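# Tertiary structure, described
Chain by chain, the residues:
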Amino acid sequence: MADLTDLSIAALRDGVRDGSFTAREVAEGFIANVEKGRALNAYIVETPDHALAAADAADRARSSGELKPLSGVPIGMKDLFATKGVQTTAGSNMLGGFKPVYESTVSQKLWDAGAGMLGKLNLDEFAMGSSNETSAYGPVISPWRRNDGGNAPLAPGGSSGGSASAVAARLCPGATGTDTGGSIRQPAAFVGISGIKPTYGRCSRWGIVAFASSLDQAGPMARDVRDCAIMLEAMSGFDPKDSTSLDLPVPSWEAALSSDVRGKKIGIPKEYRIDGIPEEIGRVWDEGIERMRDAGAEIVEVSLPHTKYALPTYYIIAPAEASSNLARYDGVRYGLRGQSDGGIDSMYQATRHDGFGAEVKRRIMIGTYVLSAGFYDAYFNQAQKVRALIARDFERVFNEVDLILTPTAPSAAFALGDKSSDPLAMYLNDVFAVPASLAGLPAMSVPAGLDGQGLPLGLQLIGRPFDEQGVLNAGLALEERSGFNHRAEAWW
């Protein structure tokens, strides 16, 4: 029998269903990989008992004919989702040892669909980062290596770096991620997998540790487009506990999946051809354009004139919301309590000094500054106005085209430590991903080729609000025509 951990979510689900193998065999295979792959530091907490219990339930359900959509599929859970009785840290010392007494809506939906949990996946602290180096539990290492003989470990992207590395290294067949400004799409591109950020509100935010509430959105990361559609269908749905949740039916995305894009108009925004981007990024983008044209799509150049303001707009709004959300971590109600011999103010200071890392402190300080008296109107209100203009650009363009195709990230994966001393260089990793986040649009990264050092490069598809189907279908067309079947070499 082939190694079960090489199979996709769809193949695992179908194999359990038709009796080709048992769900327990699948779970045991991935548990073994998790143990062998600890050097990647992808998991903060391992939960083999959870995965085995779900597998045994799936095997019993097969005997009784009551299998669920994800029966027999163990997944990884980004450690930003509250999991009842299982440590949930958000990658921070502030929440070390915190075991929720409740389950996030997204994780509960996945368990209700029959999935099991292999463990909680590492991430940038409070989802703030683009390389998974800000985690209090250490950096995640990408399973990929350059083909030029360089031995420096590579960043898997962030903040969902643990999810990306685990899927690429076969430590799980799929994983949850969250995307605030590209934190599903950029790491997916770095490790050669697929990942989709749905329309804002498709997946409930209840039980997800908050970073920037008007931007945070959960989504799946998996090896291919079909697997993303399967997971997204299980994760989505209205939640009355989340005031931003969309009260819409969940489409049957997998059943309607089609790579036929004939007659579709795909926009190519001229503003995304920016100076300083490696030639290989442009090459892969041009190849993607030709593949979509060969598939029958009409290619249309479009303009998104306010794109150049997206990154500074994001880095005003997101830190401002983070400053507000993270004010709750004061050492009084839950989480870490810093040791202090003084009064309550000293205890607050000690708690936040000990609990937060440098990047989180940086963003809190930026956010507090732009929300302060005298600066609120000059910065935060102006950023919100520019955000509306960015959304309006997309609205206008989507009157002309069905989808937009761009690069996902401005480079391939870089070595750990290369950008950590330069916050602005790190923030530039989000340049192509942030506009769709500000507009709340569905967007997906699909692997499209390799650079000269043998590292994956991804292309991004952006769709109209609520048109995840169009994004998935175009992603499938790109996937089929790019023929990307590369994977990291054995790393254990």
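On a predicted model such as this, the values are computed, not experimentally measured, just so you know. Numbers given to residues run from 1 along each chain, matching the order in which its sequence is written. Side-chain atom pairs in this predicted model are given and counted only at pLDDT of 80 or more, local residue features only at pLDDT of at least 70, and totals for whole chains, interfaces and linings cover all residues. Hydrogens and water molecules were not included; the side-chain quantities draw on all heavy atoms of the structure.

### Concerning the overall build of the chain
For helices the rule is a DSSP run of H or I covering at least 4 residues; for strands it is a run of E covering at least 2, with both sets numbered from the N terminus onward. Counting its regular elements, the chain contains 15 helices and eleven strands. Relative to a compact globule of 492 residues, whose C-alpha radius of gyration would be 23 Å, the chain shows 21 Å and is just as compact. For the C-alpha atoms alone, the extent of the chain along its principal axes is close to 65 × 50 × 50 Å. Per-residue accessibility, obtained with a 1.4 Å probe over protein chains only, is compared with the maximum for each type, and a residue is labelled buried under 20%, exposed over 50%, and partly exposed between these values. Taken over 492 residues, the chain has a buried fraction of 59%. The criterion used for residue contact is that any of the two residues' heavy atoms lie within 4.5 Å. In the chain, of all internal contacts separated by at least 6 residues, the share reaching a separation of at least 24 is 76%. A total of about 18,200 Å² of accessible surface is found on the chain, and carbon and sulfur atoms cover 50% of it. Counting 47 positive and 59 negative side-chain charges, the chain places the centres of these two groups 3 Å from one another. Using C-alpha atoms as the atom set, the radius of gyration is obtained and then compared with a globule rule of 2.2 Å times the number of residues to the power 0.38. The Shrake-Rupley method, run with a 1.4 Å probe sphere, supplies the accessible areas, and residue values consider only the shown protein chains as cover. Counting rule applied: Lys, Arg positive; Asp, Glu negative; His and chain ends not counted. Taken as the charge centre is NZ of Lys, CZ of Arg, CG of Asp or CD of Glu, depending on the residue.

### Describing the pattern of salt bridges
By definition, a salt bridge exists where a carboxyl oxygen of Asp or Glu is found within 4 Å of a side-chain nitrogen of Lys or Arg. Under the criterion given, the structure shown has 24 salt bridges. One salt bridge connects Arg24 with Asp56, and the closest N-O pair in it is separated by 2.8 Å. In this pair, Arg24 sits in helix α2 (residues 23-36) while Asp56 sits in helix α3 (residues 48-64), placing the two residues 32 residues apart along the sequence. For Asp56, a relative accessible area of 25% gives the class partly exposed. Among the ionic pairs, Lys120 bridges to Asp79, the shortest N-O distance being 2.9 Å. Of this pair, Lys120 sits in strand β3 (residues 116-121) while Asp79 sits in the loop between β2 (74-78) and α4 (105-112), and the two are 41 residues apart along the sequence. Residue classification places Asp79 among the buried residues on the basis of a relative accessible area of 0%.

### Observations concerning the pairing of strand β4 (residues 174-179)
The buried fraction of β4 is high, at six of six residues. Burial along β4 is two-sided: the face carrying Gly174, Thr176 and Thr178 and the face carrying Ala175, Gly177 and Asp179 are both buried. A strand pair is defined by DSSP finding two or more bridges across the two strands. In terms of strand pairing, β4 meets strand β6 (residues 217-222) through six bridges, oriented antiparallel. In the sheet register, Gly174 faces β6, and the bridge partner there is Ala222.

### Considering the packing of aromatic side chains
What counts as a ring pair is set by centres within 6.5 Å for rings of Phe, Tyr and Trp (its six-membered ring), and what kind of pair is set by the plane angle: stacked under 30 degrees, edge-to-face over 60, tilted for all other angles. The full count for this structure, using the stated rule, is 13 aromatic pairs. Both rings, one in Phe126 and one in Tyr329, keep their centres 5.2 Å apart while their planes meet at 55 degrees; by these two values the pair is tilted. Pair noted here: Phe126 is in the loop between β3 and α5 (161-168) and Tyr329 is in the loop between α9 (310-325) and α10 (344-355), with a separation of 203 residues, a long-range link. The burial state of Phe126 is the same as that of Tyr329; both residues are buried. Relative to Tyr427, the ring of Tyr315 has its centre 4.1 Å away and its plane inclined at 15 degrees; by these criteria the two rings are stacked. Of this pair, Tyr315 sits in helix α9 while Tyr427 sits in helix α13 (residues 423-427), and the two are 112 residues apart along the sequence. Judged on exposure class, the residue Tyr315 and its partner Tyr427 are both buried. Site record: aromatic cluster; members linked through ring pairs are Phe126, Tyr329 and Phe356.

### Describing the packing of helix α8 (residues 279-294) against helix α15 (residues 468-482)
Here an axis means a line fitted to C-alpha atoms, over the contact stretch when the element is a helix, while the angle between two N-to-C directions is reported on a 0 to 180 degree scale. Between α8 and α15, whose axes approach to 10 Å, the crossing angle comes to 105 degrees. As the angle between them shows, α8 and α15 are arranged roughly perpendicular. Contacts between α8 and α15 involve Gly288, Arg291 and Met292 from the first element and Ala474, Ala477, Leu478, Arg481 and Ser482 from the second. Considering only residue class, the contact of α8 with α15 consists of four nonpolar, two polar and two charged. Should an angle lie under 35 degrees it is considered roughly parallel, over 145 roughly antiparallel, and from 65 to 115 roughly perpendicular; all remaining angles are considered oblique. Ten residues, namely Ala, Val, Leu, Ile, Met, Phe, Trp, Tyr, Cys and Pro, are considered nonpolar, four, namely Asp, Glu, Lys and Arg, are considered charged, and the remaining ones, Gly among them, are considered polar.

### Thoughts on the state of the cysteines
The definition used for a disulfide is geometric: two cysteine sulfur atoms within 2.5 Å. As enumerated under the stated definition, the model contains zero disulfides in all. Note on Cys172: no disulfide assigned, nearest cysteine sulfur contributed by Cys228 at a separation of 12 Å. The exposure class of Cys172 is buried, given its relative accessible area of 0%. Considering cysteine sulfurs only, Cys203 is the nearest to Cys228, which forms no disulfide, with 12 Å between them. Its relative accessible area of 0% is what places Cys228 among the buried residues.

### Focus on a nonpolar patch on the surface
Residues with no salt bridge and a relative accessible area higher than 30% make up the patches, which join like charges within 9 Å and nonpolar side chains (Val, Leu, Ile, Met, Phe, Trp, Tyr) within 5 Å. A cluster of nonpolar residues, Val332, Ile344 and Tyr348, forms a patch on the protein surface that exposes about 240 Å² of accessible area. Its location among the elements puts Ile344 in helix α10.

### Things to note about the environment of Ala39
The topology assignment puts Ala39 in the loop between α2 and β1 (43-46). For Ala39, a relative accessible area of 63% puts it in the exposed group. Sequence separation between Ala39 and Leu336 is 297 residues; the distance between their C-alpha atoms is 28 Å.

### Examining α15
Along an α-helix, a turn takes 3.6 residues, which lines up residues three or four apart on a common side. For α15, which comprises 15 residues, the first-to-last C-alpha distance of 21 Å matches the rise-based estimate of 21 Å (1.5 Å per residue) to within 8%. In terms of burial, α15 is largely enclosed, as twelve of its 15 residues are buried. Listed in full, the buried residues belonging to α15 are Glu468, Gln469, Gly470, Val471, Leu472, Asn473, Ala474, Gly475, Leu476, Ala477, Leu478 and Ser482. Next to the buried residues of α15 lie β5 (194-197), α7 (225-235), α8, β9 (403-407), β10 (443-450) and β11 (456-463). A positive backbone phi angle near 60 degrees is found at Gly483, which sits one or two residues after α15. To estimate how far a helix should reach, multiply one less than its number of residues by 1.5 Å.

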